[in-house]
Each structure stands twice: as C-alpha cells, then as structure tokens.
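Structural description and commentary
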Amino acid sequence: MSDGGLRVEAYGVGQRVASGRQTLRGVSVRIAPGELLAVAGGSGSGKTTLLEILAGIRTPSAGRVLHDGTEPAVLRPALGYLPHGNVMHDDLPLDRALGYAARLRMPARTAGALLDAAVRDALAAVGLADRARQPVRTLSEGERRRACIAVELLTRPRVLFLDEPTTGLDPATGAELLRTLRDLTADGVTVVLTTHAPADLTRCDRVLFLTPEGRPAHLGTAATLTAAYGVPTLEEVYGAVARGARAADEAAAEETGPAPGAAPVADGAAATRPAPLGAVGQWWLLTRRAGELMARNRLTAAVVVGSPLVIVAMFALLFRPGAFDPAAPSPGSAAMILFWIAFGGFFFGLTYGLLQICAELAVVRRERLTVLRLGPYLLSKAALLLPVLALADAALLAVLRGLNRLPAAGWGTYGSLFLTVLLASAAALALGLLASAAVGDPGQATLMLPMLCFPQVLFSGAFVPVPQMAWAGRVLSAAMTNRWAFEALGGGIGLRELWAHGASPLGPPLLASYGGSFDRAVWAGWLLLAGFTALFLAAAWAVLARKCRTVSRPAVG
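Residues numbered from 1 in each chain as written. Predicted model: local features only at pLDDT ≥ 70, side-chain atom pairs only at ≥ 80, totals over all residues. Heavy atoms only, no water.

1. Things to note about the overall build of the chain
Scanning the chain for helices and strands turns up 21 helices and nine strands. Across the 557 residues of the chain, 52% fall into the buried class. Considering only intrachain contacts with a sequence separation of at least 6, the fraction spanning at least 24 residues in the chain is 77%. Of the roughly 23400 Å² of accessible surface on the chain, 62% is carried by carbon and sulfur atoms. (Helix = DSSP H or I, 4+ residues; strand = E, 2+ residues; numbered from the N terminus. Buried < 20%, exposed > 50% of the residue type's maximum accessible area, 1.4 Å probe, protein only. Contact = heavy atoms within 4.5 Å. Areas by Shrake-Rupley, 256 points an atom, 1.4 Å probe, with all protein chains shown as cover.)

Encoded structure:
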C-alpha cells in the first residue's frame, strides 16, 4: 500500500499553550520506517498534542520535527492522519464514501478505473472488502474505525498517525484493529498512535510514555517499561508515573542528539507532484456528495421537502382573500402578508443551512488536512440548496396568488417578488451556514434557531415601523435581512400606491407610520440582501478556517 515507510524524528519538542502552561517538555524520538510506535500516558499528558506535532499539524513552541530529514509540510501528501472518533458520513455506502474521498484526494485526472482500484485495495487492506456496499452507519464500531483507516490508505501514505484508535472498543475488536495496523507496518507503512489501553502497548514495537507534565518518562518496549518501574503489569506503570516515580534506566527516557539541518528541497519538488482537484472540480464533487447524502437520509429529505409545504398551507389558512383589493384594501393584512412572505423565505433558508456544517464538522476537519478548500465546500452547500429554496419560494407565491392572498399583477411584478424572496432565502441560508460553522454540534444549532429568528421578527419594521423604534432599535433593524426583504416586497408590489389611493380610511395614517420604508428602489433591497449573503459566507469561511487550521502557531513567550 505504500512506497516505503517514512522516518519521523523529533528533537527537544516542547509546547506551551496560550495560557502559558507547558504541555510538552523536551521530547525527542526517532521513529524508523515501518515501525509501530505507541504514545502513552495518563490523561492530560500531551499525547494528542505530540501526535499533532509529529504529524506536522501543529507547530511546536520549542524543538523541531523532521520527516525523512525535511520539514513535515513538504511531505504532507505522504502522510495520513486519523483524529479520535469516527469521521465518515454515516448515510453513504462504504465504497461510495471512499469513492468520494478518493476523487477528492487523488490527482485530478486519475482514471476512474484507478480510483475504483484504490478503493478496492484500501478496503482489502483493512479487511472490509465484503462490507463495501453497506451504509457506514450499519458497520460495527471496530469496522468503522478500520473504514476510517481505509480512507487514509487511498493515497498510499508512508506514515499513519492515529489518535486513540482503540478507545471505546472491546478487547477483541481492539486487538483486531492493532493486527490491521501491524499488517500495514509489514508493508512498510510507519504507524504512530496514541492510546490509553495497556493491551495496545504489548502489540507495538516501542512505547513512548509521557509523564503528567508532558516529559518523556520511558522509551522502549512494553517489557522494558514494566522493568524500568519495577512493576509486574502495564496498568501499574500508569500509577507509578502519576505518583512521580522515575524509571530505573533514565537514559531510556528519550533519544537525544542535536537536531540536524533540514535537507534541502529541490525547487521543482512541488511541481512534480500531480495536482489534486482544483476549486471548480472540488465544488462539483462536493455538491454531488451533498446531494447524495440528502437523498439517502430520508428524514432530512422529508424536512427539506415537507416544511415549505406545511408553512405554505398555514399561510393560506391564516390570511383572508382580498387584502390587496384596490376598492377596499386592508392595509394591516397586506403588510402582514408581505412580512410573513419575507419571513417564510428567511425561515426556509435558515433551517436548511443550520445543520449543514456542524453535523459533518469532523469530516471537514479531516479533509482540510489534505486538499479540501473551504470556498468550494461552502459554495457546494449553496449550489445544492438554492434550487430547492427557489422551488419553495415560487410555491409560496404561487399558492398565495392562486388563493387571492396576493393581487393580480404581471410577470414583471411577480418576478420582482420572487427575486426578493429568493435573495432573502439566500441571505438566511448563508446566515445558517455561519451559525452551523460556529456551533459545536447539531443540538447547539437547534438552540440557535429561535435566537436568530426572534430579532428578524421584532426588528423587521412590520409590527413596529422603523420610524417609531427607539434609536438603538433602528440601528439594530439595519442588520436584519428580513427588514430589507419586507421593504423590497412592499416596494415591488406597490404597497404605497395601494394605501394612498385605496378607499380604506386606515390607509394614509398607517402609511405615514412607515415613513419612507417603501420609498427605496427595489434593486437597492436586492443589493443589500446580496451583500448580506456575501458577508455571511465570508464570515462562515473565516470561522471554518479557524476551526480547521492545519498548522497552529506556537504561543509567544
């Protein structure tokens, strides 16, 4: 599966977090090609931090790491990194999930037959060839962990870094997973893993044991580890190290030696690597994957299709016909109809976007370590959902017009109304994506729904006209996309003319309370909504970039 193992070296590695606390101190180790090394220690000893530093994902505050004598970033395509937990889309069949990963990671012009062969080889390497057509969610916990490893094997890595791959597995399943890793080392792949399980240590070539302060306590085999602390079992080593006991052979605690200079890299080295998918290719691939995920998740598909239908039905039941009749207009009802149309477009977009990122953030972080571009990723969500939103918005207007809740008008008027509602939905979708990127899980995203909706209702200018708001409310209303959608709808449908010339005596006073809300050109509202959409998407990109940062900067001082 690989072109030979990669040599990993760390020299005097230390790490200090932003608070100033030192999490790693003076860690030095040389990992030979094809070796299986375990990084062990109690909770908080810095195992994951060290793994990220060895993989080149995190920059150490002190010391350096070399991969085959050069900087880790130079050989990033040659490594695989598997974070803790299961990081695959549950609703896809296993071979489809790996197929998308292969097309994303492998060179752009790789033939389909070679992509399929890479998937078959990766599944065979982890013993899951007979599970290829099963949805990922139906696999056992151990099979899911092996499936995650298979994703990393697609690009024939020379080194694998795995964070606690056996945590949560029963002893037999954990042993089976370690046998899989052992088979990979026999094929030349270097494997570095973190673990809490003493049984894992006996199946590794060597163990680097860390103290609670992040210092190297011992480096050697599992047998030499127990001998160094004079205890009969590996479980007792954890207690001895936690109590501050020192190894009998302190020289074995780390491999010392001066850090050599990094090997020079040829100027054409990067150019010789086959180019992965470009931005457009990633966008199209991710859009297809998101569409398949939605189609395979019946609950999501039902919500996407069913929620607009339910809301349209409620709107039809809520309002009486004839509110826009020029002979006897109902100004209050007309304003409320337009507001709820605007809010309906907002609600569709927000609910569609809220769960799009947080539900797969672990997958995004993992793919970001390789070739994923966040711009195409975000635009793929928009490309998938905007057509669905357009259908929902068109259905909303068509039903309300057919039931005489909206006035008779030409295609120009209704084209203007449709574009306004669609832009309102697009801005809300972008806001939903931003909120989804900012939260940690779908539960938090659900809690965000009322927090984002209430201000859009209260400060839209429909219930309390903007001129009658307190100055702080007027300032806040300017940030509400629903306000600009409501005002653009009113301008597009000619609400001022209806109220000013209608027979209802309520028209002019109510019109005066709105001031100049409906005097702006409709296109001005469109520009504002488009601007909000771009702003929210840019903010979502910034939040994702921060969460998926591939190399962190060391703390100063």
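Next comes the rest of the write-up.
2. Regarding the sheet that holds strand β5 (residues 79-82)
If you trace the six strands from one edge of the open sheet to the other, you get β5-β6-β7-β3-β8-β9, paired in mixed fashion. Among the strands making up the open sheet, the edge pair consists of β5 and β9 (216-220). This sheet shows a mean twist of 10 degrees between the axes of neighbouring strands, independent of strand direction. (Pairing = 2+ DSSP bridges. Axes fitted to C-alpha atoms, helices over the stretch in contact; angles between N-to-C directions.)

3. What to know about helix α2 (residues 94-105)
Spanning 12 residues, α2 covers 17 Å between terminal C-alpha atoms, matching the ideal 16 Å at 1.5 Å per step. Most of α2 sits out of view: nine of its 12 residues are buried. Listed in full, the buried residues belonging to α2 are Leu94, Ala97, Leu98, Gly99, Tyr100, Ala101, Ala102, Leu104 and Arg105. Along its buried surface, α2 packs onto α3 (112-125), α4 (141-153), α10 (279-296) and α13 (361-368). (Expected span 1.5 Å × (residues − 1).)

4. Digging into the packing of helix α14 (residues 374-402) against helix α21 (residues 522-547)
If you want to describe how two helices pack, look at the angle between their axes and the distance between the axes. It is at 10 Å that the axes of α14 and α21 come closest, and there the two elements cross at 130 degrees. Taken together, the axes of α14 and α21 lie oblique to each other. For the element pair α14 and α21, the recorded crossing hand is right-handed. Together, Leu374, Gly375, Tyr377 and Leu378 of α14 and Leu537, Ala540, Trp541, Leu544 and Ala545 of α21 make up the contact between the two elements. (Parallel < 35°, antiparallel > 145°, perpendicular 65-115°, else oblique. Left-handed = near helix turned anticlockwise from the far one by under 90°.)

5. Structural notes on the nonpolar core
In terms of nonpolar packing, the biggest core is built from 134 residues, with Leu98, Ile149, Tyr229, Phe324 and Leu406 touching the most fellow members. Look past the residues within four positions of Leu406 in its chain and what remains in contact with it is Phe324, Ile337, Leu338, Ile341, Leu397, Leu400, Arg401, Tyr414 and Ile493. Counting 27 residues, the second-largest nonpolar core is a separate cluster that includes Leu50, Ile53, Val65 and Val159. (Core = buried A, V, L, I, M, F, W, Y, C linked by side-chain atoms within 4.5 Å.)

6. Observations regarding the sheet that holds strand β4 (residues 62-67)
The pairing of strands in a sheet happens through backbone hydrogen bonds and is either parallel or antiparallel. Spatially, three strands are ordered β2-β1-β4 in an open sheet, and the strand pairing comes out antiparallel. The open sheet has two edge strands, β2 (22-31) and β4, and neither has a second partner. Direction aside, neighbouring strands of the sheet carry axes that sit 15 degrees apart on average. Here strand β1 (residues 8-16) pairs with β4 via five bridges, running antiparallel.

7. Considerations on the pairing of strand β6 (residues 159-163)
Most of β6 sits inside the fold, with five of its five residues counted as buried. Of the two faces of β6, both are covered, the one formed by Val159, Phe161 and Asp163 as well as the one formed by Leu160 and Leu162. Across four bridges, β5 lies against β6 in parallel orientation. From the neighbouring strand, Gly80 faces β6, where its bridge partner is Leu160.

8. Concerning the packing of α10 against α14
Here α10 crosses α14 at 50 degrees, and the two axes come no closer than 8 Å. With respect to their mutual orientation, α10 and α14 come out oblique. The interaxial crossing formed by α10 with α14 has right-handed handedness. Listed contacts from α14 to Ala279, Gln282, Trp283, Leu286, Thr287, Ala290, Gly291 and Met294 of α10 are Pro376, Tyr377, Leu379, Ser380, Lys381, Ala383, Leu384 and Leu385.

9. Some words on a nonpolar patch on the surface
Taken together, Val280, Trp283, Trp284 and Leu379 make up a surface patch of nonpolar side chains, about 430 Å² in accessible area. It is α10 that contributes the most residues to the nonpolar patch, three residues altogether. You can see Trp283 is positioned in helix α10. Given a relative accessible area of 31%, Trp283 falls into the partly exposed group. (Patch = residues over 30% accessible without salt bridge, like charges linked within 9 Å, V, L, I, M, F, W, Y side chains within 5 Å. Salt bridge = Lys/Arg side-chain N within 4 Å of Asp/Glu carboxyl O.)

10. Observations concerning α21
For α21, built from 26 residues, the straight-helix expectation of 38 Å at 1.5 Å per residue is met to within 8% by its first-to-last C-alpha distance of 38 Å. Looking at α21, one finds that the buried residues are Val522, Gly525, Leu529, Phe532, Thr533, Phe536, Ala540, Leu544 and Ala545. Residues of α21 that are buried sit in contact with α13, α14, α15 (411-438) and α18 (481-493).

11. Remarks on the side chain of His89
Secondary-structure assignment places His89 in the loop between β5 and α2. Under the relative-accessibility criterion, His89 is labelled buried at 12%. Among the polar contacts made by the side chain of His89, one reaches the side chain of Glu360 at a distance of 2.6 Å. (Polar contact = N/O pair within 3.5 Å; in protein donor to acceptor, adjacent residues only side chain to side chain.)

12. Section: the pattern of salt bridges
Across all of its chains, the model carries 23 salt bridges by this definition. The shortest N-O distance in the salt bridge between Arg105 and Glu152 comes to 3.1 Å. Highlighted residues: Arg105 in helix α2 and Glu152 in helix α4, separated in sequence by 47 residues. Grouping residues by exposure puts Arg105 and Glu152 together as buried. We note a salt bridge from Arg366 to Glu152, for which the minimum N-O separation is 2.7 Å.

13. Details of the packing of aromatic side chains
This model, assessed by the stated rule, comprises 14 aromatic pairs. Residues Tyr514 and Phe518 carry aromatic rings whose centres are separated by 5.5 Å and whose planes lie at 45 degrees to one another, so their mutual orientation is tilted. Note on Tyr514: relative accessible area 3%, which makes it buried. By relative accessible area, Phe518 is classed as buried at 6%. Put simply, the rings of Phe339, Trp340, Phe343, Phe346, Phe347, Phe463, Phe486, Tyr514 and Phe518 touch in pairs and so form one group of aromatic residues. (Phe/Tyr/Trp six-rings, centres within 6.5 Å; stacked < 30°, edge-to-face > 60°.)

14. So, the environment of Leu527
Inspection of the secondary structure assignment puts Leu527 in helix α21. Note on Leu527: relative accessible area 56%, which makes it exposed. Sequence-wise, Leu527 and Leu423 are 104 residues apart; in three dimensions their C-alpha atoms are separated by 9.2 Å.

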